[in-house]
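Structural characterization, general
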Amino acid sequence: MNEAQARNSIIIALDMEPKEAVRLTEKLRGRAQWVKVGMTLYYSAGPSIVHELHQMGLKVFLDLKLFDIPHQVRLAAQAASEAGADLLSIHALGGTEMVKAARAGVEAAAHGGERTEILAISILTSMDQDTLSSIGIDHELTDEVRRLAKLATGAGADGMVCSPKEVHMLRELLGEDVLLVTPGVRPKGAAKGDQKRVATPQQAIADGASKLVIGRPITQAPDPAQAYEDIVGNLAR
Ligand code: C5P
């Protein structure tokens, strides 16, 4: 991939309080293209943070993992889209009607042909086979991930969030047009933190990821702009 494609494929996770998020993005201004706003930042800063990040020239993945009755999800997706989310996450576990409702919500908010793209989460990677059994799901975890990925993309999701371990399987299952966004990515030599199953950025892209979510290796680096540029340089090689 070339340098522009590399920049377009890195999403920086802003898991921090609002002031620090703005300070950090100032340092990355003119370089980074995508950031991820999760529940922690969104609930403390409110929808205006999305606008503020847009003003800095960034695109925003709003990682709110919506999961509720279809009526509520439709209106929440519309509100998130109107706030300016470029990507929005929902839970596939909400079922076909809920995914369709999210799609209807972002379509209602679409303007100028631009629509918020929807990413579905299958099974949270913090859950394992035992967690599934404890909530009464006895299928094999991988089968469940595959089933939910088919359900969500069939109902109108544009893609999935998936671990580096699942990305190859989902690319084969869902084809080339689906967005696959992969967290748990660590450049060679970077601290793993609490991530257990990690892949390098190059490996995740080679396995079929469309975009990578990278947080602490950039946000906690002594020089975040340099850490970001190093990853871009490695991907663009
Ligand atoms: O700092 P780090 O690179 O580990 O950040 C990864 C981001 O991706 C965090 O915002 C985390 O919540 C998110 N994430 C993850 N693993 C998943 C899904 C999301 O690490 N399976």
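Above this text sits the structure in question.
Residue positions are given per chain, counted from 1 along the sequence in the order it is written. Reporting in this predicted model follows two pLDDT cut-offs: at least 70 for local features of residues, and 80 or more for side-chain atom pairs to be given and counted; totals over whole chains, interfaces and linings ignore these cut-offs and use all residues. Values shown for side chains rest on all heavy atoms present in the structure; no hydrogens or waters enter the calculation.

Check the secondary structure of the protein chain and you find 12 helices and 8 strands. Atoms counted for the radius of gyration: C-alpha only. Globule rule: 2.2 Å times the number of residues to the power 0.38. Computed over its C-alpha atoms, the radius of gyration of the protein chain comes to 17 Å, within 12% of the 18 Å expected for a compact globule of 237 residues. Counting every position in the protein chain, which comprises 237 residues, the buried fraction comes to 50%. Relative to all contacts within the protein chain whose residues are 6 or more apart in sequence, the contacts with residues 24 or more apart total 66%. Summing over all exposed atoms, the protein chain offers an accessible surface of approximately 11,400 Å²; the carbon and sulfur share of this is 49%. Positive charges come from Lys and Arg, negative ones from Asp and Glu, while His and the chain ends are left out of the count. All charge positions are set by atom: Lys at NZ, Arg at CZ, Asp at CG, Glu at CD. In the protein chain, 26 positive and 30 negative side-chain charges are present, and the distance between their average locations comes to 3 Å. Runs of E in the DSSP output that reach at least two residues are strands. Runs of H or I that reach at least four are helices, and both are numbered from the N terminus. Accessible area is worked out with a 1.4 Å probe on protein chains only. A residue is then buried under 20% of its type maximum, exposed over 50%, and partly exposed in between. Only heavy atoms enter the contact rule, under which two residues are in contact if any of them lie within 4.5 Å. Only the protein chains shown count as covering a residue, and every accessible area follows the Shrake-Rupley method with a 1.4 Å probe.

Time to look at the layout of surface pockets. Quantified by volume, the largest pocket comes out at close to 1,100 Å³. Using a 1 Å grid laid over the protein atoms alone, points where a 1.4 Å probe fits but cannot get out form a cavity; open sets with protein on both sides within 12 Å along at least 5 of 7 lines form a pocket; any residue with an atom within 4 Å of a point counts as lining. Around the largest pocket sit 37 residues that line it, and Lys65, Thr125, Pro183, Gly184 and Gln195 are the ones nearest its centre. Its residues placed into classes, the lining of the largest pocket shows 15 nonpolar, 11 polar and 11 charged. Here the second largest pocket is characterised by a volume of approximately 310 Å³. Along its surface, the second largest pocket is lined by 18 residues, and Ala85, Asp86, Glu114, Arg115 and Thr116 are the ones closest to its centre. Following the grouping adopted for this structure description, the nonpolar residues are Ala, Val, Leu, Ile, Met, Phe, Trp, Tyr, Cys and Pro, the charged ones are Asp, Glu, Lys and Arg, and the polar ones are all others, Gly among them. By residue class, the composition of the lining of the second largest pocket is 5 nonpolar, 6 polar and 7 charged. Grid points are joined across faces, edges and corners, and a volume is the space filled by probe spheres set on the points.

The 8 strands are arranged E1-E2-E3-E4-E5-E6-E7-E8 in a closed barrel whose pairing can be described as parallel. When the angles between neighbouring strand axes are averaged without regard to direction, this sheet yields 25 degrees. When strand E7 (residues 179–182) meets strand E8 (residues 211–214), the two strands line up parallel, connected through 2 bridges. Looking at E8, one finds that Thr182 is bridged to Leu212. Each axis is a line fitted through C-alpha atoms, and for a helix only the stretch in contact is used; angles between axes span 0 to 180 degrees, taken between their N-to-C directions. Packing against the sheet, helix H5 (residues 70–83) makes contact with strand E3 (59–66) and strand E4 (87–91), and its axis sits at approximately 160 degrees to E3. Docked against the sheet, helix H9 (residues 167–174) engages strand E6 (159–161) and E7, running at close to 175 degrees with respect to E7. Two strands qualify as a pair provided that DSSP identifies no fewer than 2 bridges between them.

We now examine helix H8 (residues 141–154). Helix span, expected: 1.5 Å multiplied by one less than the number of residues in the helix. Here H8 contains 14 residues, and its C-alpha end-to-end distance of 20 Å stays within 8% of the 20 Å for a straight helix at 1.5 Å per residue. Of the positions making up H8, those classed as buried are Leu141, Glu144, Val145, Leu148, Ala149 and Ala152. Here the buried residues of H8 occupy an arc of 135 degrees about the axis, which is enough to place them on one side. Arc definition: directions from the helix axis to the C-beta atoms.

On to the pattern of salt bridges, then. A pairing counts as a salt bridge when a side-chain nitrogen of Lys or Arg comes within 4 Å of a carboxyl oxygen of Asp or Glu. In total, this model carries 10 salt bridges according to the counting rule given. With its nearest N and O atoms 2.8 Å apart, the salt bridge here joins Asp158 to Arg115. Of the two residues, Asp158 is situated in the loop between H8 and E6 and Arg115 in the loop between helix H6 (96–109) and strand E5 (117–121); the sequence distance between them amounts to 43 residues. Its relative accessible area of 23% is what places Arg115 among the partly exposed residues.

Time to look at the site of the ligand. Throughout this document, a residue counts as near a molecule or strand when at least one of its heavy atoms sits within 4 Å of that molecule or strand. As a structural note, the neighbourhood of the ligand is formed by Ala13, Asp15, Lys36, Thr125, Pro183, Arg186, Gln195, Val213, Ile214, Gly215, Arg216 and Pro217. Distance and chemistry together define a polar contact, namely a pair of N or O atoms within 3.5 Å, with one atom able to donate a hydrogen and the other to accept it when in protein, and with adjacent residues in sequence counting only for side-chain atoms on both sides. Within the side chain of Thr125, a nitrogen or oxygen atom sits 2.4 Å from a nitrogen atom of the ligand. Here Arg186 contributes a side-chain N or O atom positioned 2.8 Å from an oxygen atom of the ligand. For the ligand, the protein covers 79% of the area, taking 460 Å² as the surface of the free molecule. Structurally, the ligand is housed in the largest pocket. Among the secondary structure elements, those contributing two or more residues to the shell around the ligand are E8 and helix H11 (216–219). The residue makeup of the shell around the ligand, split by class, is 5 nonpolar, 3 polar and 4 charged. For a cavity or pocket, the test is whether more than half of a molecule's atoms lie within 2 Å of its grid points; if they do, the molecule sits there.

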